[in-house]
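# Examination of the molecular architecture
Given next are the chains, with one letter for each unit.
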Amino acid sequence: SQKIEQNSEALNIQEGKTATLTCNYTNYSPAYLQWYRQDPGRGPVFLLLIRENEKEKRKERLKVTFDTTLKQSLFHITASQPADSATYLCALDDYGNNRLAFGKGNQVVVIP
Amino acid sequence: DGGITQSPKYLFRKEGQNVTLSCEQNLNHDAMYWYRQDPGQGLRLIYYSQIVNDFQKGDIAEGYSVSREKKESFPLTVTSAQKNPTAFYLCASSGGDRNNQPQHFGDGTRLSIL
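Residues numbered from 1 in each chain as written. Chains lettered and ligands numbered in written order. Predicted model: local features only at pLDDT ≥ 70, side-chain atom pairs only at ≥ 80, totals over all residues. Heavy atoms only, no water.

## A word on the overall build of chain A
- For chain A, the count of helices and strands is zero helices and 11 strands.
- Counted from the first residue to the last, chain A has its helices and strands arranged as β-β-β-β-β-β-β-β-β-β-β.
- The C-alpha radius of gyration computed for chain A amounts to 13 Å, which stays within 12% of the reference 13 Å derived for 112 residues, consistent with globular compactness.
- For chain A, the spread of C-alpha atoms along the three principal axes comes to 40 × 30 × 20 Å.
- In chain A, buried positions account for 45% of the 112 residues.
- Considering only intrachain contacts with a sequence separation of at least 6, the fraction spanning at least 24 residues in chain A is 54%.
- Counting 14 positive and 12 negative side-chain charges, chain A places the averaged centre of each group 1 Å from the other. (Helix = DSSP H or I, 4+ residues; strand = E, 2+ residues; numbered from the N terminus. Rg over C-alpha atoms; globule rule 2.2 N^0.38 Å. Buried < 20%, exposed > 50% of the residue type's maximum accessible area, 1.4 Å probe, protein only. Contact = heavy atoms within 4.5 Å. Lys, Arg positive; Asp, Glu negative; His and termini not counted. Charge placed at Lys NZ, Arg CZ, Asp CG, Glu CD.)

See below:
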């Protein structure tokens, strides 16, 4: 069966450190993968998109990697700040059919 | 400002009642989506529409219905056939013409049973 796995345990991290989140998938062949941020009671907000032929993508303090051999994406927040505290969702397309499948999300708590 | 507006923010349904959730976008996007989010769960796709007057079932369409008569609007009706409707409902849109467009989300409607 198809699965997208993100760590269910919250990541507690000290301010200024790098937070690293993992997204593993099974039985998908995504052409691209996206990361979203969701705050409590709000809709997700798009952060980054990485294509299958890209190894790494950066945006300000965010970095995403995509390894189609390992079927894994890593999401990094460098120099983390308390304002980065949120739930981060990975999402991937399924054979380019314009539908996204979402992971359950991984909560990040940045401690001042 | 361009964006997606969902209303109402909170909605209560009585047993046996149909309720309709509103979703409007002014982003000129072709594609629109409805998701359901339960505590500790990922977003699950209910219905989506790639173009006006056309829509497809997602993974959990039973007990729901939609219409897409205008590009800007994609209302979702939660029917009495949906036995467990309590959830957070999210509407999204995307450019739709290519397969790598990010989705833009509204701020959701929280539906509860009276």
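Let's pick the thread back up.
## Looking at the nonpolar core
- One finds Ile4, Tyr25, Leu33, Trp35, Phe75 and Tyr88 of chain A to be the most contacted residues of the largest nonpolar core, which totals 24 residues.
- Looking at this core, the elements that each hand over two or more residues are strand E3 (19-26), strand E4 (32-38), strand E5 (45-51), strand E7 (62-67), strand E8 (72-77), strand E9 (86-93) and strand E11 (106-111) of chain A.
- With residues up to four places along the chain from it excluded, the contact list for Tyr88 of chain A reads Gln6, Leu21, Trp35, Tyr36, Arg37, Leu47, Phe75, Ile77, Gly105, Asn106 and Val108 of chain A.
- Counting 19 residues, the second largest nonpolar core, distinct from the first, contains Cys23, Tyr64, Val78 and Ala87 of chain B. (Core = buried A, V, L, I, M, F, W, Y, C linked by side-chain atoms within 4.5 Å.)

## A few points about the interface of chain B and chain A
- Counting from both sides, the interface comprises 27 residues of chain B and, opposite them, 20 residues of chain A.
- Between chain B and chain A, roughly 1,800 Å² of surface is buried when both sides are summed, and carbon and sulfur atoms account for 44% of that area.
- Run the count over chain B and chain A and you get two salt bridges.
- In this structure, the salt-bridge partner of Arg99 of chain A is Asp59 of chain B, at a minimum N-O distance of 2.8 Å.
- Inspection of the chain B/chain A interface yields six residue pairs in polar contact (both at pLDDT 80 or more).
- Those elements that place two or more of their residues in the side of chain B that touches chain A are strand E4 (31-37), strand E5 (43-51) and strand E9 (87-94) of chain B.
- Looking at the side of chain B that touches chain A, the element that brings in the most residues is E5 of chain B, giving four residues.
- Of the residues that constitute the side of chain B that touches chain A, the class distribution is nine nonpolar, 12 polar and six charged. (Buried area = accessible area lost by both parts, 1.4 Å probe. Salt bridge = Lys/Arg side-chain N within 4 Å of Asp/Glu carboxyl O. Polar contact = N/O pair within 3.5 Å; in protein donor to acceptor, adjacent residues only side chain to side chain. Nonpolar A, V, L, I, M, F, W, Y, C, P; charged D, E, K, R; others polar.)

## Quick notes on the pairing of E11 of chain A
Residue and element names in this part refer to chain A.
- Only one face of E11 is buried, namely the one carrying Asn106, Val108 and Val110, since none of Gln107, Val109 and Ile111 on the opposite face is buried.
- Across four bridges, the pairing between strand E2 (residues 11-14) and E11 is parallel. Paired with Ile13 across the two strands is Val110, which belongs to E11.
- One ladder, built from three bridges, connects E9 with E11; its direction is antiparallel. Considered in E11, the bridge of Tyr88 is made with Asn106. (Pairing = 2+ DSSP bridges.)

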